[in-house]
Amino acid sequence: MKITCPSCGNHKSFLIPLWVRCTFKFNEDGTLSILHVRQLESLEDKIVDQGKTSFAITCKECGGDAKVTLNEYEMLDQEKEQCAALEAL
Amino acid sequence: MKLLCLICGNYMYFETDITTVKEITTTGGLISVDNALFPDFDYTEDTIRDNLKDIVDYVLKQDDSSLAFDPETETYYNRHISCARCGSSKVARPFRPKPRIIPLDRELEENREEFNALRKERNDENNLPQLWQP
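Each chain carries its own residue numbering, running from 1 in the direction its sequence is written. Labels follow written order: the first chain is A, the first ligand is 1, and so on. In view of the model being predicted, local features appear only for residues whose pLDDT reaches at least 70, and side-chain atom pairs are presented and counted only at 80 or more, with totals across whole chains, interfaces and linings using the full set of residues.

Engineer: I would appreciate a short explanation of the overall build of chain A in the present structure.
Structural biologist: Strands are runs of DSSP state E lasting at least 2 residues, helices are runs of H or I lasting at least 4, and numbering of each runs from the N terminus. When helices and strands are counted, chain A shows two helices and five strands. Listing the helices and strands of chain A from first to last along the sequence gives β-β-β-α-β-β-α. The C-alpha radius of gyration of chain A comes to 21 Å, more than 25% above the 12 Å expected for a compact globule of 89 residues. Dimensions of chain A along its principal axes, counting C-alpha atoms only, are 80 × 25 × 20 Å. A buried classification covers 13% of the 89 residues belonging to chain A. Here the contact rule is simple: place C-beta atoms from the backbone, and any two residues whose C-beta atoms are within 7 Å are in contact. Once local pairs closer than 6 in sequence are excluded, the contacts in chain A between residues at least 24 apart make up 48%. Our radius of gyration looks at C-alpha atoms and nothing else; its globule reference is 2.2 Å times the residue count to the power 0.38. To sort residues by burial, count the other C-beta atoms lying within 10 Å of each one's C-beta; a count of 20 or more means buried, 12 or fewer means exposed, and anything in between means partly exposed. C-beta atoms are built from the backbone.

Structure follows, in structure tokens:
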């Protein structure tokens, strides 16, 4: 798997929005204390669904939409298959 | 007491769903997920705290619009916050009768002298003696 930013070429750091369930309490002085934070979404699903949903992975450097390549060797395999088919012919 | 669960009477512990932002780092073909750190602040922690404060302030201010009617049970439930003890969404601001307030005319009359003093103070400030003249 490879994640890249087509805009700036960054391939290291990206931001992903996530829904979490937050348990909190009201303190005596009116402030809030967070007791627990539980993740509600699967990160794997969000990464795989990149490009299909509006809540996309964005580049940390420039804020642009990131591009996720699940199998970066797919194109290489296709080229090899095409070469083998041509050689066979 | 700011919020009250109408089922169990809890007024301290509640739950709400908010969005946050995590950072994905890819190094050597491995993907790790961690808090989004910038040089001077933790973006993940800030979004959690800010979004929680926003949703609580919204529910406290717009109590009526945060409630939705459930036609099956014919009761109202809170769309944003639920009770952390019993899990019920029947969470609302406790009813408080409005304190008796005096009519505005009487309040203005009572504060007239104070207002005049304030106005005079401002006039004096605007008419300071001119110490130097070109």
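On we go from here.
Engineer: When you look at the interface of chain B and chain A in this model, what are you seeing that I'm missing?
Structural biologist: Listed by partner, the interface residues are 24 residues for chain B and 25 residues for chain A. Among the secondary structure elements, those contributing two or more residues to the side of chain B that touches chain A are strand S2 (13–27), strand S3 (30–35) and helix H1 (43–61) of chain B. Per element, the largest residue contribution to the side of chain B that touches chain A is 14 residues, and it comes from S2(B). Taken together, the residues that form the side of chain B that touches chain A break down as 13 nonpolar, five polar and six charged. By the convention adopted, Pro, Cys, Tyr, Trp, Phe, Met, Ile, Leu, Val and Ala count as nonpolar, Lys, Arg, Asp and Glu as charged, and the other residues, Gly among them, as polar.

Engineer: Looking at this model, I keep getting lost on H1(B). Mind explaining?
Structural biologist: For an α-helix, 3.6 residues make a turn, and residues three or four places apart therefore share a direction. All names here are of chain B. Its 19 residues place the ends of H1 26 Å apart at the C-alpha level, agreeing with the 27 Å of an ideal helix rising 1.5 Å per residue. Those residues of H1 that sit buried are Thr44, Ile48, Val56 and Val59. End-on, the buried residues of H1 take up no more than an arc of 90°, which puts them together on one face. Seen from the buried face of H1, the exposed residues on the opposite side, beyond 90 degrees, are Asp50, Asp54, Asp57 and Lys61. Take the number of residues in a helix, subtract one, and multiply by 1.5 Å to get its expected span. The directions from the helix axis to the C-beta atoms form the arc being described.

Engineer: Please explain the nonpolar core as it appears in this structure.
Structural biologist: A general trend in soluble globular proteins is that nonpolar side chains are found buried together. Only buried Ala, Val, Leu, Ile, Met, Phe, Trp, Tyr and Cys residues enter a nonpolar core, and they are joined through C-beta atoms within 7 Å. Membership of the largest hydrophobic core comes to 14 residues, with the highest contact counts inside it found for Cys22(A), Leu3(B), Phe14(B), Ile18(B), Ile81(B), Cys83(B) and Val91(B). Contact partners of Leu3(B), with chain neighbours within four places excluded, come to Tyr11(B), Phe14(B), Ile81(B), Val91(B) and Arg93(B). Counting residues in hydrophobic clusters, the runner-up holds eight residues, among them Cys5(A), Phe14(A), Ile16(A) and Ile57(A).

Engineer: Sorry, what's going on with the pairing of strand S2 (residues 13–26) of chain A here?
Structural biologist: A pair of strands is treated as paired once DSSP finds two or more bridges between them. In this sheet, S2(B) lies alongside S2(A) in antiparallel orientation, the contact comprising 13 bridges. What sits directly across from Arg21(A), in S2(B), is Asp17(B). Direction of pairing for S2(A) relative to strand S4 (residues 58–59) of chain A: antiparallel, over a ladder of two bridges. Its bridge partner lying in S4(A), Phe14(A) is registered against Cys59(A). Of the strand pairs in this sheet, S2(A) and strand S3 (residues 32–39) of chain A are connected by seven bridges, and their pairing is antiparallel. The partner of Thr23(A) across the bridge, within S3(A), is His36(A). Hairpin geometry of S2(A) and S3(A) is characterised by an intervening segment of five residues between the two adjacent antiparallel strands and by a positive phi of about 90° at Gly30(A).

Engineer: Please clarify how unusual backbone geometry should be interpreted in this entry.
Structural biologist: Most peptide bonds take the trans configuration, and most residues that are not glycine carry a negative phi. Positive phi, close to 55°, is recorded for Glu74(B), a residue that is not glycine. For Glu74(B), the position within the fold is in the loop between strand S6 (67–70) and strand S7 (75–78).

Engineer: Would you take a moment to explain the environment of Ile3(A) for this structure?
Structural biologist: Inspection of the secondary structure assignment puts Ile3(A) in strand S1 (residues 2–4). Given 22 C-beta atoms within 10 Å, Ile3(A) falls into the buried group. Not counting residues up to four positions away in its chain, the partners in contact with Ile3(A) are His11(A), Phe14(A), Ile57(A), Ala66(A), Val68(A), Ile24(B) and Thr26(B).

Engineer: Even after reading the chapter, I still don't get the environment of Gln62(B), so can you show me in this structure?
Structural biologist: All names here are of chain B. Looking at the secondary structure, you find glutamine 62 in the loop between H1 and S6. The exposure class of glutamine 62 is exposed, given the 11 C-beta atoms found within 10 Å. For glutamine 62 and arginine 93, which are 31 residues apart along the polypeptide, the C-alpha to C-alpha distance reads 9.9 Å.

Engineer: What am I meant to see in the environment of Gln78(A) here?
Structural biologist: Residue and element names in this part refer to chain A. Among the structural elements, glutamine 78 can be located in helix H2 (residues 74–88). Take glutamine 78: there are 10 C-beta atoms within 10 Å of it, and that puts it in the exposed class. Separated by 22 residues in sequence, glutamine 78 and alanine 56 place their C-alpha atoms 28 Å apart.

Interpretation note: all reported values are geometric properties and have no functional meaning in isolation.
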